[in-house]
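# Structural characterization, general
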Amino acid sequence: MNRRFARRIRPTVRGEFPDKVATVPDPELEQYLVRTINRAQSYGLETDNDLTTFIRLTLTVSTEFDLRGIFHSILTDKTIPNHEKIEALFERTNDEDWEEAVRPGLYAGRAFA
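Residues numbered from 1 in each chain as written. Predicted model: local features only at pLDDT ≥ 70, side-chain atom pairs only at ≥ 80, totals over all residues. Heavy atoms only, no water.

Regarding its fold elements, the protein presents seven helices and zero strands. Put simply, the protein runs from its N terminus to its C terminus through helices and strands in the order α-α-α-α-α-α-α. For 113 residues, the compact-globule estimate of 2.2 N^0.38 gives 13 Å, and the C-alpha radius of gyration of the protein, at 14 Å, lies within 12% of that figure. Residues counted as buried form 42% of the 113 residues belonging to the protein. (Helix = DSSP H or I, 4+ residues; strand = E, 2+ residues; numbered from the N terminus. Rg over C-alpha atoms; globule rule 2.2 N^0.38 Å. Buried < 20%, exposed > 50% of the residue type's maximum accessible area, 1.4 Å probe, protein only.)

Set out below in structure tokens:
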């Protein structure tokens, strides 16, 4: 299922993030997408829209934004229904949180091998 979704979303990712994925071969991009989908699902994210938004955030903000402070707290908060977690990321954070998520540091890493 995750590989199938990764294949389905791959053209969208290539279209939206040409500078980041233009030189990445399809198999490597699919591996990244499957890993990212698995990580999103570990937080309870299930819908295509939530999974796609999570992928977009990893490519826009940081490949590991979800491991940082408030983002991790929101995604692992059992009191937030899974279908509301993506919305909560935007409602419960401020500009400083997003700036912190973009900064390289402890969690900095390459998206592609």
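Once that is clear, we can look at the packing of aromatic side chains. The final tally for this structure, using the stated rule, is five aromatic pairs. Consider the rings of Phe71 and Trp98, whose centres lie 4.7 Å apart with planes at 65 degrees: the pair is edge-to-face. Of this pair, Phe71 sits in helix 5 (residues 69–76) while Trp98 sits in helix 7 (residues 95–102), placing them 27 residues apart in sequence. In this pair, the class of Phe71 matches that of Trp98, namely buried. Relative to Trp98, the ring of Phe90 has its centre 5.5 Å away and its plane inclined at 20 degrees; by these criteria the two rings are stacked. Residue classification places Phe90 among the partly exposed residues on the basis of a relative accessible area of 45%. Put simply, the rings of Tyr43, Phe54, Phe65, Phe71, Phe90 and Trp98 pair up and form one aromatic cluster. (Phe/Tyr/Trp six-rings, centres within 6.5 Å; stacked < 30°, edge-to-face > 60°.)

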